[in-house]
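Report on the structure
Here is how the chains run, residue by residue.
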Amino acid sequence: MPRLTEYLLKLGTDPRELDRYKEARKEKRLQAYLTKSPGPGLTPEQARALQSGKSHRVFKAAVAELSKETSTKSDAFLGVGITFTCEVNNIER
Amino acid sequence: MSVRTKRGSLTAVGIGIRSPAQATFEAASRIQDADKVFSLVSDPVALYWVHSLNVNTDTLSVHYAEGKNRSETYREMVDRITHAVRDGHRVCAVSYGHPGVAAFPFHEAVRRLRAEGCAAEMLAGVSSEDCLFAELGIDPTNGGCLSYEATDFLLRRRLVDPSANLILWQVGVIAEPSYKNDPLAWNRDGLQVLVERLLEVYPADHEVVVYETSRLSALEPTIERVALSGLPKARVTAMATLFVPPAVTAPLDEAMMQRLGI
């Protein structure tokens with residue numbers, strides 16, 4: 001199971017877990033909280049990515065995890081390394 | 001030879017910037033119900049979620065390539081979506097944010113399929129502008145709100161009303177027709193040009209906001225307040241939006257007040 005990805009989904013859909021996460025961050029014990037098992041059970045590297053507060057680091061860690069999980073499947077996760085896209089500068093004369 | 005008689009259809013949905021938290025029930029049900037899902041989302045968590053709803057999901061992100069013209073990328077995406085519909089599939093095209101905001105391929109696919117007599121619709125999603133209103137505490141009905149794509153704003157010398165809120169999209173990718181895999185602004189010279197244009201209307205010390213909402217509930221949005229003249233040195237990402245608050249209050253039209261009985 002991709003623990004980091006599942007945990008990120010949980011943070012987005014479970015306000016109580018989000019509160020626990022924010023409390024641990026505020027009290028500067030986030031690394032310990034995130035690696036606790038039972039609990040989020042993230043690897044130290046994944047916890048550091050989240051602790052950095054940088055979405056690119058978090059998504060990179062998630063892509064690494066998902067790539068391992070889906071290595072025998074189709075190309076479903078191919079391309080997710082591209083973490084931003086934007087509209088063309090549509091110039092019509 | 002078999003002839004396909006089933007009528008295909010397209011539903012374009014957006015799943016918000018922080019998905020699935022900002023996805024609507026309507027969008028989730030359309031994803032689940034589709035024969036085929038094409039996903040253009042901006043992060044692996046969103047894609048994982050879409051895939052968990054429907055395993056018949058392909059990502060459109062594969063059409064991006066460093067240096068490739070985005071017009072070509074978008075044409076390929078539109079072709080992929082429309083071909084699947086013409087083949088008789090019930091297709092759901094998923095974008096991050098709102099599928100109709102800064103999302104040419106989705107509008108074009110819907111337009112093209114409707115012109116061919118196919119069923120095609122678009123459902124609203126939460127855009128980064130919606131997030132901006134919430135996270136910066138802006139009410140667009142208070143003072144009004146002008147919203148322009150930054151390159152278009154410069155090229156067409158769009159009108160600015162200094163008494164209204166101004167939102168400029170994609171200030172980090174001004175005049176960039178291709179794609180780069182770099183999170184920071186792709187054209188800092190473009191930012192300088194933008195500042196020069198804005199200085200025609202606003203004072204140099206007018207505070208503006210470089211804004212980017214967070215794509216994860218666990219992280220905070222980027223809200224950097226800088227003087228307008230300092231914008232070229234600010235940390236602007238490729239996805240950043242510039243918010244320019246009003247500099248003056250618009251005077252009331254006394255004659256109109258009388259006419260309306262106010």
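This text gives an overview of the structure that appears in the document.

How each quantity is defined
Residues numbered from 1 in each chain as written. Chains lettered and ligands numbered in written order. Predicted model: local features only at pLDDT ≥ 70, side-chain atom pairs only at ≥ 80, totals over all residues. Heavy atoms only, no water. Helix = DSSP H or I, 4+ residues; strand = E, 2+ residues; numbered from the N terminus. Buried < 20%, exposed > 50% of the residue type's maximum accessible area, 1.4 Å probe, protein only. Phe/Tyr/Trp six-rings, centres within 6.5 Å; stacked < 30°, edge-to-face > 60°. Axes fitted to C-alpha atoms, helices over the stretch in contact; angles between N-to-C directions. Parallel < 35°, antiparallel > 145°, perpendicular 65-115°, else oblique. Contact = heavy atoms within 4.5 Å. Nonpolar A, V, L, I, M, F, W, Y, C, P; charged D, E, K, R; others polar. Pairing = 2+ DSSP bridges.

**Details of unusual backbone geometry**
Both trends apply: most residues other than glycine have a negative phi, and most peptide bonds are in trans. A cis geometry characterises the amide bond from Ser37 of chain A onward to Pro38 of chain A, with omega recorded as 5°. Within the secondary structure, Pro38 of chain A is located in the loop between α3 (30-35) and α4 (44-52). In this chain, Ser19 of chain B is followed by Pro20 of chain B through a cis amide linkage whose omega measures 5°. One can find Pro20 of chain B in the loop between β1 (9-14) and α1 (25-33). If you check the backbone angles, Ala102 of chain B has positive phi at about 50° while not being a glycine. In this fold, Ala102 of chain B is placed in the loop between β4 (90-95) and α4 (104-115). Residue classification places Ala102 of chain B among the partly exposed residues on the basis of a relative accessible area of 42%. A positive phi angle, near 45°, is found at Arg157 of chain B, a position not held by glycine. Using a relative accessible area of 49% as the deciding quantity, one classes Arg157 of chain B as partly exposed.

**Notes on the packing of aromatic side chains**
Residues and elements named next belong to chain B. Following the criterion strictly, the structure yields two aromatic pairs over all chains and no others. Taking the centre distance of 6.2 Å and the plane angle of 35° together, the rings of Tyr74 and Phe104 count as tilted. Of the two residues, Tyr74 sits in helix α3 (residues 70-86) while Phe104 sits in helix α4, which places them 30 residues apart along the sequence. Look at Tyr74 and you get buried, because its relative accessible area is 2%. Residue classification places Phe104 among the partly exposed residues on the basis of a relative accessible area of 28%.

**Details of the packing of α4 of chain A against helix α5 (residues 55-69) of chain A**
All names here are of chain A. Interaxial distance between α4 and α5 falls to 8 Å at its minimum, and their mutual angle equals 155°. The orientation of α4 relative to α5 falls into the category roughly antiparallel. Side by side, α4 and α5 meet where Gln46, Arg48, Ala49, Leu50 and Ser52 of the first sit next to Arg57, Val58, Ala61 and Glu65 of the second. Here the contact of α4 with α5 is composed, by residue class, of four nonpolar, two polar and three charged.

**Here we look at the sheet that holds strand β6 (residues 145-149) of chain B**
All names here are of chain B. Ordered in space as β6-β7-β10-β8-β9, the five strands form an open sheet in which the pairing is mixed. Whereas interior strands pair on both sides, the edge strands pair on one side only; in this sheet they are β6 and β9 (222-227). Neighbour-to-neighbour, the strand axes of the sheet open up by a mean angle of 20°, direction not taken into account. For strand β8 (residues 207-212) and strand β10 (residues 241-244), the ladder comprises three bridges, and the chain directions are antiparallel.

**Regarding the environment of Ser229 of chain B**
All names here are of chain B. Mapped onto the fold, Ser229 is located in the loop between β9 and β10. As for Ser229 and Ala255, which are separated by 26 residues in sequence, their C-alpha atoms are 38 Å apart. Excluding residues within four positions of it along the chain, Ser229 makes contact with Val195 and Ala204.

**Some details on the side chain of Thr5 of chain A**
Residue placement: Thr5 of chain A occurs in helix α1 (residues 3-13). For Thr5 of chain A, a relative accessible area of 0% corresponds to the buried category. For Thr5 of chain A, the contacting residues outside a window of four places in its chain are Ala62, Glu65 and Leu66 of chain A together with Val45 and Tyr48 of chain B.

This is a description of form; function is not addressed.
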